[in-house]
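Take a look at the letters that make up each chain.
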Amino acid sequence: MDSFSDLTQRLRTQICYAHIFGDALTEEQLVARCAPADPEGLRRELELLEASESVEREGEYWFLSGGVVAGFASSKQVRERAAQRVLEDQRMLIGFLKRLRIVRMLAVSGSVGWKNHVDHVGKPADLDLFVIAAPSGVHIVRLILRVRESLRWLLSRMGWGRRRASVCPNYLTEIGFLEITNQSFYTASDALNVQVLKGEDIYRRFLVANRWIERYYPVALTTRSEAPLDEGRSTARSALNIVCFATMAAYAWTKARLAGRPFTYSLGFRFDRTNSLRRSAVAGGGYQPTVARRFHEIYERHFGPDSTLHAFLFPGTTDTGVYANGEYAEPTLSTHLGYDE
């Protein structure tokens, strides 16, 4: 299976996927994600699913049967405002990164990017960043963010300054290294649902480099010729990037030895390592194994088993990790998403 079998399967997938994250979609959103060229056909499919009591509607939002959340429209607005507050809380850092020349594209991902942020009592908010850097710029940006977060933590411990959202550079890659290794519905969804704050043209190039996303979403990722990129290669920047990489690798190696944990650095890119010279990304697919397991449970509960669909959406995914690029990696993130089913 290398595509959805029909519109109904697309529709079921999107509604189930939103449910995992405590979210629901409007008809307009479902049209955009499933059938932008056939809104009437999608509307008919929704009516059939509603008639069969597989889904139900509350206001403008569509839920799985029995999953309606009372007052969801109001809580959705609260989540959107919470996401906006996280951005405003880090506006100085965002402004700095937007001015930084080695940052070619800056976007916000995660719950803030999806505008579905939930404030958890006692848990600091996260601002997940997606950065495309100039050649030999990934670890310069990482070290800047690492030093900044360390200073913020130190000042907080000393009682200076108020508590701010934590900045998590979850995906940093070079402009010449754009193709995503872990090609799944999970990563396709994350790639499309970001807020781009700088470099819309670079983001479009990123999408074109990942045309496999078209398997999961009805988007036309054109391959039209564009002006060559001015990659701005610099020997000095390359040397500085290596110094930054080596510094953080040495620190991480020491911590790993003391704590008895795996070392997550490699010179060349490896899917089972978080950091290489050209990319920094959470090893093991991040939350993908957890999301895949929840999706399987929810889809089977409401629509019956479909192992072929599951393998299509989450290729190479097990309960404990992900196989990709000929390598297997266990996720380094907690298995708790922070949403209630």
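Bear in mind that the values here come from a model prediction, so they are computed numbers and not experimental data. (Residues numbered from 1 in each chain as written. Predicted model: local features only at pLDDT ≥ 70, side-chain atom pairs only at ≥ 80, totals over all residues. Heavy atoms only, no water.)

Draft legend 1. Region of interest: the confidence of the model for the protein. When pLDDT is averaged across the protein, the result is 89; 91% of the residues are at 70 or more. Looking at the elements of the protein, mean pLDDT is at its lowest for helix α6 (residues 110–113), recorded as 86, and at its highest for helix α1 (residues 7–20), recorded as 97. (pLDDT = per-residue confidence, 0-100. Helix = DSSP H or I, 4+ residues; strand = E, 2+ residues; numbered from the N terminus.)

Draft legend 2. Representation of the pattern of salt bridges in the model. If you walk through the whole model with that rule in mind, you get 8 salt bridges. Its salt-bridge partner being D23, residue K76 comes within 2.9 Å of it at the nearest N-O pair. Separated by 53 residues along the polypeptide, K76 in helix α4 (residues 72–89) and D23 in the loop between α1 and β1 (25–26) bring together distant segments of the chain. Neither K76 nor D23 differs from the other in exposure class; each is buried. Between D272 and R270 there is a salt bridge, and its shortest N-O distance comes to 2.8 Å. When salt bridges that share partners are traced, they join E27, E40 and R43 into one network. (Salt bridge = Lys/Arg side-chain N within 4 Å of Asp/Glu carboxyl O. Buried < 20%, exposed > 50% of the residue type's maximum accessible area, 1.4 Å probe, protein only.)

Draft legend 3. Here's a closer look at the packing of aromatic side chains. Under the counting rule described, the total for this entry stands at 20 aromatic pairs. Note on Y61 and F72: the rings are 4.9 Å apart at their centroids and 75° apart in plane angle, and the pair reads as edge-to-face. Taken together, the positions of Y61 in strand β3 (residues 61–64) and F72 in helix α4 put the pair 11 residues apart, joining distant regions of the chain. A relative accessible area of 3% places F72 in the buried class. Geometrically, the ring pair formed by F295 and Y299 is stacked, given 5.6 Å between the ring centres and 25° between the ring planes. Placement of both F295 and Y299 in helix α11 (residues 288–303) is noted, with a separation of 4 residues, approximately one turn of the helix. Comparing F295 with Y299, the two get one shared label, buried. An aromatic cluster of at least three residues, connected via ring pairs, comprises F4, Y17, F21, W114, F185, W212, Y216, Y217 and F312. The lysine or arginine in question, R279, covers the ring of F177, its NZ or CZ lying 4.1 Å from the ring centre. Across from the ring centre of F269, 5.4 Å away, lies the NZ or CZ of R279, which sits over that ring. (Phe/Tyr/Trp six-rings, centres within 6.5 Å; stacked < 30°, edge-to-face > 60°. Lys NZ or Arg CZ within 6 Å of the ring centre and 35° of its normal.)

Draft legend 4. Layout of a nonpolar patch on the surface. On the surface, V147, L151, W153, L154, L155, M158 and W160 cluster together into a nonpolar patch covering about 720 Å² of accessible area. With respect to the helices and strands, the residue V147 is situated in helix α7 (residues 138–157). (Patch = residues over 30% accessible without salt bridge, like charges linked within 9 Å, V, L, I, M, F, W, Y side chains within 5 Å. Areas by Shrake-Rupley, 256 points an atom, 1.4 Å probe, with all protein chains shown as cover.)

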